[in-house]
Every structure is written in structure tokens, then in C-alpha cells.
Amino acid sequence: MSAESAGPGPGSEPGSEPGLLCPEHGQPLSWFCCSERRPVCAACAEPGGRCQGHRIRRAEERAEELRNKIVDQCERLQLQSASINKYVAHVLPGKNQRAVSTASAAREVVIQRLGLVRSLCETEEQRLLERVHGEEERAHQSILTQQVHWAEALQKLDTIRTSLVDMLTSMDDLQLIQREQEIFERTEEAEGILDPQESQKLNFNEKCARSLLLTQLWATAVFGSLSGTEDVHIDERTVSPFLQLSDDQRTLTFNAKKSKACVDGPERFDHWPNALSTTSFQAGLHTWMVNVQNSCAYKVGVALGQLPRKGSGSDSRLGHNAFSWVFSRYDQEFCFSHDGQHEPLGLLRCPAQLGVLLDLQAQELLFYEPASGTVLHSHHTSFPGPLFPVFAVADQTISIIH
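**Let's talk about the overall build of the chain**
Here's step 1: Counting its regular elements, the chain contains 5 helices and 17 strands.
Here's step 2: Taking 2.2 N^0.38 as the reference for a compact globule, 402 residues should give roughly 21 Å; the C-alpha atoms of the chain span a radius of gyration of 46 Å, well beyond that estimate.
Here's step 3: With respect to the three principal axes, the spread of C-alpha positions in the chain is 170 × 65 × 30 Å.
Here's step 4: A total of 402 residues make up the chain; the buried ones form 31% of that total.
Here's step 5: Counting only contacts in the chain whose residues sit at least 6 apart along the sequence, the fraction spanning at least 24 positions is 60%.
Here's step 6: When the accessible surface of the chain is totalled, it reaches about 24800 Å², and 54% of it is carbon and sulfur.
Here's step 7: Averaging the coordinates of the 38 positive side-chain charges in the chain and doing the same for the 52 negative ones gives two points 14 Å apart.

**Quick notes on the packing of aromatic side chains**
Here's step 1: Throughout the structure, instances matching the rule amount to 6 aromatic pairs.
Here's step 2: Each ring, one from F223 and one from Y368, has its centre 4.8 Å from the other, and the planes form 5°; the classification is stacked. Here F223, found in helix α5 (residues 212-225), pairs with Y368, found in strand β14 (residues 364-369); they are 145 residues apart in sequence, far enough to count as distant.
Here's step 3: For F223, a relative accessible area of 9% gives the class buried.
Here's step 4: Accessibility expressed as a relative area gives 3% for Y368, which makes it buried.
Here's step 5: Their ring planes at 80° and their centres at 5.1 Å tell us that W325 and F383 sit as a pair that is edge-to-face. In this pair, W325 is assigned in strand β10 (residues 324-330) and F383 in the loop between β15 (374-380) and β16 (387-393), connecting sequence segments 58 residues apart.
Here's step 6: Residue class for W325 comes out buried when judged on its relative accessible area of 3%.
Here's step 7: Clustering of aromatic rings is evident, with ring pairs tying together F327, F334, F336 and F367.

**Overview of the nonpolar core**
Here's step 1: In terms of nonpolar packing, the biggest core is built from 33 residues, with L252, W288, L358, L365 and F391 touching the most fellow members.
Here's step 2: If we skip the residues at most four places from it in the chain, L252 touches I234, V239, L243, Q244, L245, A275, F391, V393, Q396, T397 and I398.

**Regarding the pairing of strand β6 (residues 251-254)**
Here's step 1: As defined by bridge partners, strand β5 (residues 243-245) adjoins β6 across 3 bridges and the pair is classed as antiparallel. In the sheet register, L243 faces β6, and the bridge partner there is F254.
Here's step 2: In this sheet, strand β17 (residues 397-401) lies alongside β6 in antiparallel orientation, the contact comprising 3 bridges. Paired with T251 across the strands is S399, a residue of β17.

**Comments concerning the sheet that holds strand β9 (residues 297-304)**
Here's step 1: As summarised here, the arrangement of the 6 strands in space is β7-β16-β9-β10-β11-β12, forming an open sheet in which the pairing is antiparallel. Taken across any chain shown, the strands that pair with only one partner, and hence form the sheet edges, are β7 (274-276) and β12 (341-345). Adjacent strand axes in the sheet meet at a mean angle of 20° when their direction is disregarded.

**Considering the pattern of salt bridges**
Here's step 1: Tallied over the entire structure, the rule returns 18 salt bridges.
Here's step 2: Close ionic contact of R237 with D235 constitutes a salt bridge, the shortest N to O distance being 2.9 Å.
Here's step 3: Residue R237 is classed as partly exposed on the basis of its relative accessible area of 46%.
Here's step 4: Several salt bridges share partner residues, and in doing so they unite R57, R58, E61, R62, E65 and K69 into one network.

Thresholds, definitions, all that
The numbers attached to residues start from 1 for each chain and follow its sequence in the written order. Only residues with pLDDT of 70 or above have their local features reported here, since the model is predicted, and side-chain atom pairs are shown and tallied only from 80 upward, although totals for entire chains, interfaces and linings are computed over all residues. Derived side-chain values reflect all non-hydrogen atoms in the structure, with water molecules and hydrogen atoms excluded from consideration. Each helix is a run of DSSP H or I of at least 4 residues and each strand a run of E of at least 2, with the numbering of both proceeding from the N terminus. Throughout, radius of gyration means the C-alpha value; the globule benchmark is 2.2 Å times the number of residues raised to the power 0.38. Type-normalised accessible area, obtained with a 1.4 Å probe on protein chains alone, sets the label of each residue: buried when under 20%, exposed when over 50%, and partly exposed for intermediate values. Note on contacts: a residue pair is in contact if any heavy atoms of the two residues lie within 4.5 Å. The Shrake-Rupley method, run with a 1.4 Å probe sphere, supplies the accessible areas, and residue values consider only the shown protein chains as cover. When charges are counted, Lys and Arg are positive and Asp and Glu negative, with His and the chain ends excluded. Taken as the charge centre is NZ of Lys, CZ of Arg, CG of Asp or CD of Glu, depending on the residue. Only Phe, Tyr and Trp rings take part, Trp by its six-membered ring, and two of them pair if their centres are within 6.5 Å. Stacked means planes under 30 degrees apart, edge-to-face means over 60, and tilted covers everything else. To define a nonpolar core, start from buried Ala, Val, Leu, Ile, Met, Phe, Trp, Tyr and Cys residues and group those joined through side-chain atoms within 4.5 Å. In this scheme, strands are said to pair when DSSP sees at least two bridges between them. Geometry is summarised by axes, namely lines fitted to C-alpha atoms with helices restricted to the contacting stretch, and by angles between N-to-C directions that run from 0 to 180 degrees. A side-chain nitrogen of Lys or Arg and a carboxyl oxygen of Asp or Glu constitute a salt bridge if their distance falls within 4 Å.

See below:
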């Protein structure tokens, strides 16, 4: 036995009090075995007892130690209670007051900013409507002017024709010869009246209704509400043998080696790493999102169903023909491409996601970055037919987000 303090031998019962007895020896439990963490009697603690070699202490010492711990714990609890009372009495009311004040300020900010946005929208609405009205009036006046001009021209031509017919029917040969100069002058006057020519001045210029602010707000509203978002899937029959299509038909992965497992068909692109969606759009508003953060070489946009699928020429290369309109990235360069015309886009950062918005009523194709709420590019044209979402990837993967 190793006792922590000097005292009587194991056979003695220091400070023993009547109470519980050792079930094995029937002696008072006056010692504490630190190894087994329980009270023991002197017989258990003496050499040959069950606690031989254990750390043994007097029971009253262990009890005193526990009393001191309880006192310390009570003091800590008292301090903790005081701290909680102080927190409840002083801190929480202040927090509540600050929360109410901060919430009120936040409401003011929301109201103020939305009020400013409304005011800006109303101002922009008024400005654009005035521009539309002004352009309508200009076109109307140009048409009226043309109507007056051609009415006068018709009247003049009719007068000349009547005069020439009169000469033809009422004059003899000598009279006609004598009036030759007049006939020449009348003919020359008629020839001076040119045929009508197409003029842009007679058309309403739709650009008057375009506004960067309106486009930005409109795109943000459309993508923010997910209005018209399409569940786009990629048509496996069109996937290039250099691409691998996921089981859910939404992810394209580039492979440098041409797959031999692909069965060739009339719909499949056999050279460029392209793929078309399963469905096309010919009316209305449509949006879809593409995750492009893993790729440094991709194209996303729309294409006509007539887009050629075979060969390495420009006819089947996205953005290099009249059948496709695409936003493309190669390394750190971005551009919008159509029919071999490439418009560089000076982006400050690489978008992780790319939103595509197709408004067929307005004949507009728009590319949008949701993270910053930025319109990357918009293109207006007269699309000649139904359009398919189209994709190309030459590095890593791109995925349609749904």
C-alpha cells in the first residue's frame, strides 16, 4: 500500500465512524482506494488485501477534498449566476434595443433604395416612352412627306402623260416636228422623277427602345425569379465523339481521344466537340443556366437545326457560320461569335455560371452572369427559325444547371 500521508498502519481505523462496513471483511470503510475510486476497509488496504499496491488515502482526507471541490463549484456557480443575471438585466435589453434600432434602419435602407429604384425605373420608363413616341412621330412624318412627294410626282407624271397623249392624237406630222423640243423637255422631266427606293428613314428604329439599364434590370428580374427557366437536356444523338455525356444528359466532358463507342449518325457532330439540346424554341421567353467554372475552353449559345454536323470546316464550327450564335471562352479571352464575326468581350473575371436568355418576341439573345448580376452581352437580330440551345467544350466539363 502506498499512502499519500503518514498515519497508522492498515490495521488501524483512523477517524472511523459507525456506518457502512466492508462487505468482504465487515470492517468500517475508513480508507479510499484512488485506483478503484471507492471506499475500502483497512483489511482491503493492508498487504495481501485486494488493494495492495494501489494508491490509498484516508477517507476523511478524500471527503475533505470533495468538500473543498463542492465549495469551489458553488462559488463558480454563484459567479456564473451573477454573470447571467447581469447579462439578462443589462446586456439583453441593450441587445433588444439595438436590434429594434438596427431593424428600423434596415427597413429605411430597403425603402429608400427601392424607392430610388422605382424612381429611376419611372424616369427611365418616361424617357424611353418619349423616345419611342418621338421615333414614331419621326417615322410618321417621313411617311407623310413621302406620300405628299409621290402624290405630286404622280400628278406631274399624269400631266406629262396627258400632254404627250394630246400631242400624239391631235397633231399632224409637221406640228409634231415643230414641237420636238417640247416633247424632249417633257420626256426629260418625266425621266427626272425616279422610282421609289427603300429608305431606313421610313422605318421605325427599334433601337430607340433599348436601354442598358432596362436590359440589366430585366435580366436580373428574369433570372432572379427563374421565370421561364427551361429543363434543358442534351441530345445524345448529336454529341461529338470527343465528348462524354452524363447519365442525366446535362454534363459534357471533353476527351482528347475520339471515342470509338459512338455510333455515327446524321445528327452527330463528327469533328468539332459540339452538342445540341433535345428541344428547340420558336416563340416566347426562355432561360437556362450553365456551370462553366471548370472549363477554360467552351461555347454556349443557340443554333438553327440546319447547322451542319459533318466535317472540320467552318460550316459546323459554332460561331463561324450563319446557323449559330455563341458566347465563347478560350483561356482568358471571351467573345461573341456569329457567321465568322467575333466581337471581343472585355470581362474582368471568368464567370463560374453563365445564364442564357432568349426572347424570341423581341428577337434578342442575352448572356448573363448571375453571381454579379451583370449582362455580359446582348444581341438583337431576326432569327430565321426555331433555335436549339447549343454547347461545345474543349477543356474539362460544363454542366446545365437545373
